[in-house]
Amino acid sequence: AAERHDKVIEGSFAFELFDTYGFPVDLTEVMAREKGWTVDMQGFRQGLEQQKMRSRQAAETDKGDWVILGENIQQTEFLGYDTLEAEVQLVKYRRVNDRKRSYFELVLDRTPFYAESGGQAGDKGILVNEGQTVRILDTRKENDLVIHLADKLDDAGNAVFTARVDAGNRIRTENNHSATHLMHHALRKVLGEHVEQKGSLVDADHLRFDFSHFEKMTAEELAAVESLVNEMIRENSPIDEHRSVAMEEAREMGALAFFGEKYGEQVRVVRFGDSVELCGGTHVPATGRIGFFKILSESAIAAGIRRIEACTGQMAEDYVRERITAEQSIRQMLKNPKDTVKGVKDLVEENKKLQKTIETLNNRLSQSMIGELRSKAVNINGVDLIAEKVDADNAIVRNLVYTLVKENPMMLTVIGSEADGKAFLTVAVGDTAIREKGLDAASIIRELAPEIKGGGGGQPHFATAGGRDPSGIRRALDRLRELL
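Right, let's walk through the structure included here. (Residues numbered from 1 in each chain as written. Predicted model: local features only at pLDDT ≥ 70, side-chain atom pairs only at ≥ 80, totals over all residues. Heavy atoms only, no water.)

Our next topic: the sheet that holds strand 26 (residues 454-458). The 6 strands are arranged 22-23-24-25-27-26 in an open sheet whose pairing can be described as mixed. Every other strand in the sheet has two partners, leaving strand 22 (378-380) and strand 26 as the edge strands with one partner each. On average, each strand axis in the sheet is tilted by 20° relative to the strand beside it, whichever way the strands run. Inspection of the sheet shows strand 23 (residues 383-389) paired to strand 24 (residues 411-419) by 6 bridges, in the parallel sense. (Pairing = 2+ DSSP bridges. Helix = DSSP H or I, 4+ residues; strand = E, 2+ residues; numbered from the N terminus. Axes fitted to C-alpha atoms, helices over the stretch in contact; angles between N-to-C directions.)

Have a look at this one:
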């Protein structure tokens, strides 16, 4: 979900709704207004401009002509369901130059590399022969051809390579992809049959799953989904894969189609226990290899659309270990209470009480200081001036100057203070002093800030500055008197 402050929907989130999901920004504004919120339109326009810039940069990408080495094939044979290594023939290649880098696009007659599709990230790996090693950075698809993005191609003369997929990267991606199928099944069992996939992304690090649901999931529902998925993992159900199945037969098998996939008359069915999906991606041989499943977050991305992010295997184990380590550190800081949650609650309550005490003491201190400062006011050219250094934090100083100019609209108050070896100046001007004497707090602060070797700014009625030289506070106050 987007970050939101003071009932303002972030412009970046409004742009994501528009750009990714086609949700009109004017409708976002209407819905926000109904709830008493506003939309950061400046941020939205920035996102729109950045998208235009990316489009312009993409248009400036220079792709060279294809160099054809053999038969110009129309379809790449995919071997990646059964093997991660194969002897392949380079069919054609071309150099691509854009603003950031230069790389090659390679087409092979057959490949074990999975091309990005259906939400699964493309494979990485290498092509090797006697003359060179070519690093494959990513794999994509254009129509029926698999495009391998390579960092270099030193010699195209020897066009026979051994293609090797990065096994670790593929295995972690498969763990996350298969876990997505299990989670989809678990969500439908926990939340209901209305749950349908609306988008997904799986790579080696995590999985992201968007689905239809009308409200925020409860902690109990999330826990139930996690438990079901981990139970299916422990069952170690082997993959039951059916390739080139007629769509009608797939439906009779109870297969669910994933959002975003394009299916022909012949489809591939992937079953793990009771989970049955139409899917062209790669998967684990049995659910046990996933190891462990952990939900990281659940949020809203659009009306009636929720998003779950999760991880599996080593990533999930690391995540849980980090949380346990954090909990142990908290216990130590709380002197090892029997109930850590109660210990934290007690600490929060104690902090609230102390905060109220501090506020009370600050108010008393402010009232005492206001009386003392008021007695030091002098009239210069019709303006009541208070220019003093005080020993107080910025919150108290702000309260002081606001109170003083509110009770006397012809007053100019300049307070100096220091904290942590730094100097601060706070200027406040009453409404009458602004209107009749033309005083401007921002202009005054710009004149005084160099004395403390710093800078600042603000509005006509209030301005602040910070600097690295506390000894300059007195010089700044003397300078103020000269200006007046």
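Once the structure has been displayed, the description carries forward.
For the structure shown, the criterion picks out 8 aromatic pairs. Consider the rings of Phe15 and Phe18, whose centres lie 6.3 Å apart with planes at 45°: the pair is tilted. A residue pair is termed a helical-turn pair when its members lie 3 or 4 positions apart in one helix, as Phe15 and Phe18 do in helix 1 (residues 11-21) at 3 residues. Ring geometry for Phe15 and Phe44: centres 6.0 Å apart, planes at 65°, overall edge-to-face. Placement of the pair is Phe15 in helix 1 and Phe44 in helix 3 (residues 41-59), with a sequence separation of 29 residues. Among the residues examined, Phe15 registers a relative accessible area of 8% and is labelled buried. On the accessibility criterion, Phe44 (6% relative accessible area) is buried. Three or more aromatic residues joined by ring pairs form one cluster here, namely Phe15, Phe18 and Phe44. If you follow Lys92 out to its NZ or CZ, it ends over the ring of Trp66, 4.7 Å from the centre. (Phe/Tyr/Trp six-rings, centres within 6.5 Å; stacked < 30°, edge-to-face > 60°. Buried < 20%, exposed > 50% of the residue type's maximum accessible area, 1.4 Å probe, protein only. Lys NZ or Arg CZ within 6 Å of the ring centre and 35° of its normal.)

Counting residues in hydrophobic clusters, the biggest one holds 26 residues, and the most contacted among them are Met183, Leu187, Phe293 and Ile308. Breaking this core down by element, the ones donating at least two residues are helix 4 (167-191), strand 15 (207-212), helix 5 (219-234), strand 18 (266-272), strand 20 (293-302) and strand 21 (305-312). Looking at which element gives the most residues to this core, the answer is helix 4, with 6 residues. Discounting chain neighbours no more than four positions away, the residues touching Leu187 are Gly192, Val195, Phe209, Phe211, Met217, Val225 and Ile308. Counting 24 residues, the second-largest nonpolar core is a separate cluster that includes Leu385, Met410, Ala441 and Leu477. (Core = buried A, V, L, I, M, F, W, Y, C linked by side-chain atoms within 4.5 Å. Contact = heavy atoms within 4.5 Å.)

On to the packing of helix 4 against helix 5. At a closest axis distance of 9 Å, the pairing of helix 4 and helix 5 adopts a crossing angle of 135°. Taken together, the axis directions place helix 4 and helix 5 in an arrangement best described as oblique. The handedness of the crossing between helix 4 and helix 5 comes out as right-handed. In contact with Leu182, Met183, His185, Ala186, Leu187, Lys189, Val190 and Leu191 of helix 4, helix 5 contributes Glu221, Ala224, Val225, Leu228, Val229, Met232 and Ile233. A breakdown of the residues in the contact of helix 4 with helix 5 according to their chemical character gives 12 nonpolar, 1 polar and 2 charged. (Parallel < 35°, antiparallel > 145°, perpendicular 65-115°, else oblique. Left-handed = near helix turned anticlockwise from the far one by under 90°. Nonpolar A, V, L, I, M, F, W, Y, C, P; charged D, E, K, R; others polar.)

We now examine unusual backbone geometry. Its identity as a non-glycine residue notwithstanding, Asn143 has a phi of 55°, on the positive side. Relative accessible area serves as the criterion here: at 74%, Asn143 is assigned to the exposed category. With a phi close to 65°, Lys335 is a non-glycine residue in the positive phi region. Along the chain, Lys335 falls in the loop between helix 7 (313-333) and helix 8 (340-374). When its relative accessible area of 71% is taken as the criterion, Lys335 is described as exposed.

Among the secondary structure elements, Thr173 is positioned in helix 4. A polar side-chain atom of Thr173 sits 3.2 Å from the main-chain amide nitrogen of Ala204. Ignoring sequence-local partners within four residues, the contact set of Thr173 consists of Gln120, Val202, Asp203 and Ala204. (Polar contact = N/O pair within 3.5 Å; in protein donor to acceptor, adjacent residues only side chain to side chain.)

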